[in-house]
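# Architecture at a glance
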Amino acid sequence: MYVRALALTDFRGYADAEVAFDAGVSVLVGPNGQGKTNLVEAVLYASTLESHRVATDAPLVRTGTERAVVRVAVVRDGREAVLEIEVNPGRANRARLNRSPLPRPRELLGLLRTVLFAPEDLALVKGDPDGRRRFLDTLLTVHQPRYAGVRADYDRVLRQRSTLLRSAAAARRSADLGVLSVWDEHLARHGADLLEGRLALLEQLRPQAAASYESVAPGGGGLELTYRHSLGEGPLTGLDRDALTAAILDALERLRPQELDRGQSLAGPHRDDLVLTIGELPAKGYASHGESWSAALALRLGSYALLRADGDDPVLVLDDVFAELDSARRGALAELVSGAEQVLVTAAVPADVPAALSGARYDVQRGTVNRAG
Ligand SMILES: Nc1ncnc2c1ncn2[C@@H]1O[C@H](COP(=O)(O)OP(=O)(O)OP(=O)(O)O)[C@@H](O)[C@H]1O
Ligand SMILES: [Mg+2]
């Protein structure tokens, strides 16, 4: 698939902008702070309904205005669909598909598949578990959109259960404990659903990421992905959803005293981590800067291969990555993406973009975009 056109209203620094793209490589060039990342962020937002840079929607709306609109025309198998999302911070967002309103924005998910490479990816390796959980869950929803609903349900139940735990902890009211067990059931059910999705995704991602690591860092010790769960001892592999539900309920029962002490939910997918191991050692805390970059790249390249295995080429977005990589990793990346249906590249310095990725060029200057060749 590819993005044929992008139209923005009051998104980030753009008051009004329209850009047409072709399949193949498009390179967005301009000095720092001119709006290159803002442009690809809009494409990613239409794909994932979240920003890769900020956790809330407010910064996406141009200062002094109330709402932003992103419209993307996507061509898939020769047919075009127009995805439109209205970003209303503090209120519900609205979405339209081919100009018809949708009951929920998340019905847009899956229509535009993207894989992003960005400087922020290094935090996937070096940063907190939160970023790795988000990586897995975002990939999961792009891969299987029904998980957007599962995530939303789980987050809602988690919030409500945690509020109850805090008030029960403060008041030490035994009456709340009966109510709590109802929330345990909800948390376990939605949590098991999410867990099952993550584990199945990881089974597919693991070999893809390992192969990608080998191509980016040949002989570099190998990259292994493992899921670290919060439900006690032993692996979860092979457990079906009922068994996962039971495992969460067990863990909650065991952790009840600590939960009441701390007023927090202490077991479930929100406490888990995706552990990256290079050779024998955990990447976090041990890997060199270059190895960390290779691992981050491998996660993204592996995601790309996983989505592509469905028979649908995702749009690749390379935001400012070439400046960060040494020439071997640049070359490996350029080679691996040269067969992609569409690649959107941003760079402050055109010379950073490998020759293999030459294509249409766009100049980005103070919130305007012009095709240069
Ligand atoms: N909500 C907003 N309203 C107005 N302007 C914004 C908003 N959000 C971001 N900007 C402006 O957008 C600019 C950043 O744009 P962007 O991140 O796309 O730059 P870039 O071209 O990718 O630069 P670099 O090469 O440094 O990565 C900043 O100058 C910022 O002031
Ligand atoms: Mg940028």
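For every chain, the first residue of the written sequence is number 1, and numbering continues from 1 onward in sequence order. Chain labels run from A onward and ligand labels from 1 onward, assigned in the order the entries are written. Residue-level local features of this predicted model are given only where pLDDT is at least 70; pairs of side-chain atoms are given and counted only at 80 or more, and the full residue set underlies all totals for whole chains, interfaces and linings. Heavy atoms from the whole structure form the basis of all side-chain values; hydrogens and water molecules are not counted.

### Observations concerning the overall build of the protein
Rule in force here: Every helix listed is a DSSP run of H or I at least four residues long, and every strand listed is a run of E at least two residues long, numbered separately from the N terminus. Two things to know: the radius of gyration comes from C-alpha atoms, and the globule rule equals 2.2 Å times the number of residues to the power 0.38. The criterion used for residue contact is that any of the two residues' heavy atoms lie within 4.5 Å. Here, Shrake-Rupley sampling with a 1.4 Å probe gives the accessible areas, and only protein chains in the shown set may cover a residue. His is not counted, nor are the chain ends; Lys and Arg add positive charge and Asp and Glu add negative charge. Think of each charge as sitting on NZ of Lys, CZ of Arg, CG of Asp or CD of Glu.
A count of helices and strands for the protein gives eight helices and 15 strands. The C-alpha radius of gyration computed for the protein amounts to 22 Å, which stays within 12% of the reference 21 Å derived for 373 residues, consistent with globular compactness. Principal axes of the C-alpha set define a box for the protein whose edges measure 70 × 50 × 35 Å. Here the contacts in the protein between residues at least 6 apart in sequence split such that 70% fall between residues at least 24 apart. Of the roughly 16,500 Å² of accessible surface on the protein, a fraction of 49% belongs to carbon and sulfur atoms. Both charge centroids of the protein, one from 45 positive and one from 50 negative side chains, sit 5 Å from each other.

### Examining the site of ligand 1
Keep this limit in mind: Near, as used in this document, describes a residue that has one of its heavy atoms within 4 Å of the molecule or strand being considered. Distance and chemistry together define a polar contact, namely a pair of N or O atoms within 3.5 Å, with one atom able to donate a hydrogen and the other to accept it when in protein, and with adjacent residues in sequence counting only for side-chain atoms on both sides. We call Asp, Glu, Lys and Arg charged. Ala, Val, Leu, Ile, Met, Phe, Trp, Tyr, Cys and Pro are nonpolar, and the rest, Gly among them, are polar.
In the vicinity of ligand 1 there are 16 residues, among which G33, K36, T37, N38 and V61 approach most closely. A distance of 2.9 Å is found between an oxygen atom of ligand 1 and a side-chain nitrogen or oxygen belonging to N32. A distance of 3.0 Å separates an oxygen atom of ligand 1 from a polar backbone atom of G35. Alone, ligand 1 offers 650 Å² of accessible surface; in the complex the protein occludes 69% of this. Here the residues of the shell around ligand 1 sort into three nonpolar, eight polar and five charged.

### Points about the packing of aromatic side chains
We apply this condition: Pairing of aromatic side chains here covers Phe, Tyr and the six-membered ring of Trp, requires ring centres within 6.5 Å, and sorts the geometry by plane angle: under 30 degrees stacked, over 60 edge-to-face, intermediate tilted. Only lysine NZ and arginine CZ atoms are considered, and such an atom sits over a ring when it is within 6 Å of the ring centre and within 35 degrees of the ring normal.
Counted under the stated rule, the structure contains one aromatic pair. The cationic tip of R146 hangs over the ring face of Y147; the distance from NZ or CZ to the ring centre is 4.5 Å.

### Some words on the environment of N88
Put simply, the rule is: Only protein chains enter the accessibility calculation, which uses a 1.4 Å probe. A residue is then buried if its area is under 20% of the maximum for its type, exposed if over 50%, and partly exposed in between.
Mapped onto the elements, N88 comes out in the loop between β5 (79–87) and β6 (94–97). N88 gets classed as buried once you look at its relative accessible area, which sits at 2%. Distance from N88 to E324, taken between C-alpha atoms, is 34 Å for residues 236 residues apart in sequence. Those residues in contact with N88, other than ones at most four positions away along the chain, are R67, N93 and R94. In this structure the side chain of N88 is engaged in a polar contact, spanning 3.1 Å, whose partner is the backbone oxygen of A92.

### Description of helix α3 (residues 129–143)
Applicable threshold: Helix span, expected: 1.5 Å multiplied by one less than the number of residues in the helix.
Its 15 residues place the ends of α3 21 Å apart at the C-alpha level, agreeing with the 21 Å of an ideal helix rising 1.5 Å per residue. Of all 15 residues in α3, eleven are buried, a share of seventy percent or more. Turning to α3, its buried residues number three or more, namely R132, R133, F135, L136, D137, T138, L139, L140, T141, V142 and H143.

### Quick look at the nonpolar core
Spelled out, the test is: As used in this record, nonpolar core signifies buried Ala, Val, Leu, Ile, Met, Phe, Trp, Tyr and Cys residues forming a set joined through side-chain atoms within 4.5 Å.
With 73 residues, the main nonpolar core has F117, L223, L225, L318 and L333 as its most contacted residues. Sort the elements by how many residues they give to this core and helix α5 (residues 175–216) lands first, with twelve residues. If near-sequence neighbours (up to four positions away) are discounted, L223 is found in contact with A209, A210, Y213, L276, T277, I278, A295 and A298. Listed in part, the 41 residues of the second largest apolar core include V61, A68, A95 and V317.

### Concerning the domain arrangement of the protein
Put simply, the rule is: Residue ranges for the domains trace back to a domain assignment, done automatically or taken from a database. Computed with a 1.4 Å rolling probe, the buried area is the accessible surface lost when two parts are put together, summed over both parts. Just to be clear on terms, a salt bridge is a Lys or Arg side-chain nitrogen sitting within 4 Å of an Asp or Glu carboxyl oxygen.
As far as domains go, the protein holds domain 1 (1–113 + 316–373) and domain 2 (114–311). Summing the contributions of domain 1 and of domain 2, the shared interface buries around 2,400 Å²; its carbon and sulfur component is 64%. The three residues of domain 1 that bury the most area against domain 2 are R113, L316 and R329, which together make up 27% of that side's buried surface. Summed over the shared surface of domain 1 and domain 2, the result is two salt bridges. R113 is paired through a salt bridge with D310; the nearest N and O atoms lie 2.8 Å apart. Counting every contact that joins domain 1 to domain 2 gives nine residue pairs in polar contact (both at pLDDT 80 or more). Looking at the side of domain 1 that touches domain 2, the elements with two or more residues in it are α1 (36–48), β12 (315–319) and α8 (327–337). Across the side of domain 1 that touches domain 2, the residue classes tally to 13 nonpolar, five polar and nine charged.

### A look at the pairing of strand β8 (residues 114–117)
Condition: Any two strands with at least two DSSP bridges between them are considered paired.
Residues of β8 alternate between two faces, with T114 and L116 on one and V115 and F117 on the opposite face, all of them buried. Two strands pair when backbone bridges link them, and β8 and β12 are joined in this way by four bridges, in the parallel orientation. Of the residues in β12, the one forming a bridge with T114 is V315.

### Here's the deal with the packing of α3 against helix α7 (residues 289–308)
As a reminder, the rule being used: Angles shown run from 0 to 180 degrees and are taken between the N-to-C directions of axes, each axis being a line fitted to C-alpha atoms and, for helices, limited to the stretch in contact. For classification purposes, angles smaller than 35 degrees are called roughly parallel, those larger than 145 roughly antiparallel, those between 65 and 115 roughly perpendicular, and all remaining angles oblique. It is the rotation of the near helix from the far one that decides the hand of a crossing: anticlockwise by less than a right angle makes it left-handed, clockwise makes it right-handed.
Packing of α3 against α7 leaves a shortest axis separation of 11 Å and a crossing angle of 15°. Considering the angle they form, α3 stands roughly parallel to α7. You can see that α3 and α7 cross each other, and the crossing is right-handed. Mapping the contact onto sequence places F135, L139, V142 and H143 in α3 and L299, R300, S303, L306 and L307 in α7. Each residue belonging to the contact of α3 with α7 can be placed in one class, and the counts come to six nonpolar, two polar and one charged.

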